[in-house]
Amino acid sequence: MGMIGGGKGAFIGAVHRIAAAMDSEIELVCGAFSSDPVRSRESGQSLGLDPSRSYASFQEMIEKEKALPEDVRMDFVSIVTPNHVHFAPAKMALENGFHVVLDKPMTFTLNEAKELKATVEKTGRLFCLTHTYTGYPMVKEARQLIREGKLGKIRKVYVEYPQGWLSKYEEGGDNKQASWRTDPSKSGIAGAMGDIGTHAFNLAEYVTGLQVKELCAELSIVVEGRKLDDDGMVMLRFSNGATGLLFASQVAAGEENNIKIRVYGEKGGLEWQQVDANSLILKWADAPAQIYRTGGGYTGSFAKHNTRTPAGHPEGYLEAFANLYRNFALSVQALQAGEKPSAECLDFPGADEGVRGMAFIENVVKSGKSDTKWIAFEV
């Protein structure tokens, strides 16, 4: 693996490296860790890399890695830069024969996302978008139960992602995360909806297998002086006629990262939340409620494939992140061996989800500014 971004002082880069290393399937061999060449080389040194493979720019890294022997050069690149530096390195990597793992959201604009998806399809390279929460075993169990028809036809979907870390004006100081995430030139046209609303949207579509067809959004800037939304609600209409509600806020003071989803069908409902990630609650119309647990022998093949420890041992955010990397690595290895990856290995978000995530952002902002409010979900 090579890495673009994620140098000294970056939060998410370290998370990606921990996740990638967890199953001993992936080795970090090179990187362009910062737009500052000195910081990039210092970051590579701190990670114990060969100094000749700590590059001054992503362009240099891709060009020089491509020139190395096949058994030496990186197999794929992980891109963990701010949103406005997603498209160019991902496109260049794909066009030069490298598979790509990309932090979400996919790009800066929907048009960029569409072009990147076309590049993925043209090159035939593997592409993973790190919507972390799809990696949890009980999220995969929820998805499989719904696909098997256990809840019947889906009627209602509620998904929420409350945070409180931006409940005060943080971007005016030394908070690097707050500074770029609230800056339209780096984050894009949406704030909270682009940062965490996309996670909630992706989780709703992933778990239910449905697609949003129409939406009605209300976006707010609660903290004075902020340039992008920090709070919002979206009413949803899905492809099968189901309705739902999405709530995302970064000004819910006291909240951490408790993303939560509830889905109700004709026969019953289910509930999952990150603060108790090992549990999936099933509620039935004509039977007592059940609690499925990670590691239980009764779980389906996708949950089992993504479980590392015996029941009762908590598997959390880092393990969910690692599941994306592990499945991606196993898929790359299968292709290298001339084999077809299993459905369980290929179960990670890709270019289609990336395009829909960017479409969600643009549609939500459009609805939020519109007097009409209810609009068709355009991709």
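Shown above is the structure to which this text applies.
These lines cover the structure that appears in this document, whether it is placed above or below. In this text the structure is predicted, and so the values were computed from the model without any measurement. (Residues numbered from 1 in each chain as written. Predicted model: local features only at pLDDT ≥ 70, side-chain atom pairs only at ≥ 80, totals over all residues. Heavy atoms only, no water.)

All right, on to the sheet that holds strand β11 (residues 268-273) then. If you walk across this open sheet you meet the nine strands as β13-β12-β11-β10-β6-β9-β8-β7-β14, and the pairing is mixed. Two strands in the sheet have a free side with no partner beyond their single neighbour: β13 (290-293) and β14 (375-376). (Pairing = 2+ DSSP bridges. Helix = DSSP H or I, 4+ residues; strand = E, 2+ residues; numbered from the N terminus.)

Take the state of the cysteines next. Across all of its chains, the model carries zero disulfides by this definition. Of all cysteine sulfurs in the structure, the one in C128 sits closest to C30, which takes part in no disulfide; the separation is 18 Å. A relative accessible area of 0% means that C30 is categorised as buried. (Disulfide = S-S within 2.5 Å. Buried < 20%, exposed > 50% of the residue type's maximum accessible area, 1.4 Å probe, protein only.)

In this section: the side chain of K260. Counting through the fold element by element, K260 comes out in strand β10 (residues 260-265). What K260 contacts, discounting residues up to four positions off in sequence, is Y158, V159, E160, E271, W272 and Q273. (Contact = heavy atoms within 4.5 Å.)

With that settled, the discussion passes to helix α6 (residues 137-147). With ten of eleven residues buried, α6 is to be regarded as a mostly interior element. By the burial criterion, the buried members of α6 are P137, M138, V139, K140, E141, A142, R143, Q144, L145 and I146. Looking one or two residues past α6, G149 carries a phi angle of roughly 80 degrees, positive in sign.

Of note, K104 is situated in the loop between β4 (99-102) and α5 (110-123). In this structure the side chain of K104 is engaged in a polar contact, spanning 2.5 Å, whose partner is the backbone oxygen of D195. If sequence neighbours within four positions are ignored, K104 has contacts with N83, H86, L129, T130, H131, G194, D195, T198 and H199. (Polar contact = N/O pair within 3.5 Å; in protein donor to acceptor, adjacent residues only side chain to side chain.)

The subject of this paragraph is the nonpolar core. Membership of the largest hydrophobic core comes to 78 residues, with the highest contact counts inside it found for M106, L246 and W272. In this view, M106 contacts H86, A113, L116, K117, F127, L129, A351, G354, V355 and M358; residues no more than four positions away in its chain are not counted. Ranked by size, the runner-up nonpolar core spans 22 residues in total, among them M1, F76, C128 and F321. (Core = buried A, V, L, I, M, F, W, Y, C linked by side-chain atoms within 4.5 Å.)

One pass over the structure, following the stated rule, counts three cavities of 30 Å³ or more. By volume, the largest cavity is sized at about 50 Å³. Lining the largest cavity are N83, P105, T107, F108, S187, G188, I189, A190, G194, M358 and I361. Of the residues contributing to the lining of the largest cavity, the split by class is six nonpolar, five polar and no charged. Residues that form the lining of the second largest cavity fall into these classes: three nonpolar, three polar and five charged. (1 Å grid on protein atoms, 1.4 Å probe; cavity = no way out; pocket = protein on both sides within 12 Å on 5 of 7 lines; lining within 4 Å. Points joined across faces, edges and corners; volume = space filled by probe spheres on them. Nonpolar A, V, L, I, M, F, W, Y, C, P; charged D, E, K, R; others polar.)

A few words now on the sheet that holds β4. Here we have five strands laid out as an open sheet, ordered β2-β1-β3-β4-β5, and parallel in their pairing. Single-partner strands in this sheet number two, and they are β2 (30-32) and β5 (127-129). Each neighbouring strand pair of the sheet contributes to a mean axis angle of 15 degrees, computed without reference to strand direction. Examined bridge by bridge, β4 and β5 share three bridges and lie parallel to one another. Within β5, the residue paired with L102 across the bridge is L129. (Axes fitted to C-alpha atoms, helices over the stretch in contact; angles between N-to-C directions.)

With that settled, the discussion passes to the environment of P89. Mapped onto the fold, P89 is located in helix α4 (residues 87-95). Spatially, the C-alpha atoms of P89 and A248 are 29 Å apart, while their sequence positions differ by 159 residues. P89 has contacts with I4, F58, I62 and I79, leaving out every residue within four places of it along the chain.

In this section: the pattern of salt bridges. Tallying each qualifying case throughout the model produces 21 salt bridges. Here K8 and E42 are joined by a salt bridge, their closest N and O atoms 4.0 Å apart. Here K8, found in the loop between β1 (2-4) and α1 (11-21), pairs with E42, found in helix α2 (residues 37-46); they are 34 residues apart in sequence, far enough to count as distant. By relative accessible area, E42 is classed as partly exposed at 35%. The partner of R226 in a salt bridge is D230, with the nearest N and O atoms 3.0 Å apart. The class of R226 is buried, set by a relative accessible area of 6%. (Salt bridge = Lys/Arg side-chain N within 4 Å of Asp/Glu carboxyl O.)

Those residues of α2 lying buried are S40, S43 and G44. For α2, the angular spread of the buried residues around the axis is 100 degrees, confining them to a single face. Projecting away from the buried face of α2 at angles above 90 degrees are the exposed residues V38, Q45 and S46. Turning to α2, the residues buried within the fold contact β2. Its side-chain oxygen at 3.0 Å from the backbone nitrogen of V38, D36 defines the N-terminal cap of α2. Trailing α2 by a residue or two, G48 shows a phi angle of about 75 degrees, which is positive. (Arc of directions from axis to C-beta.)

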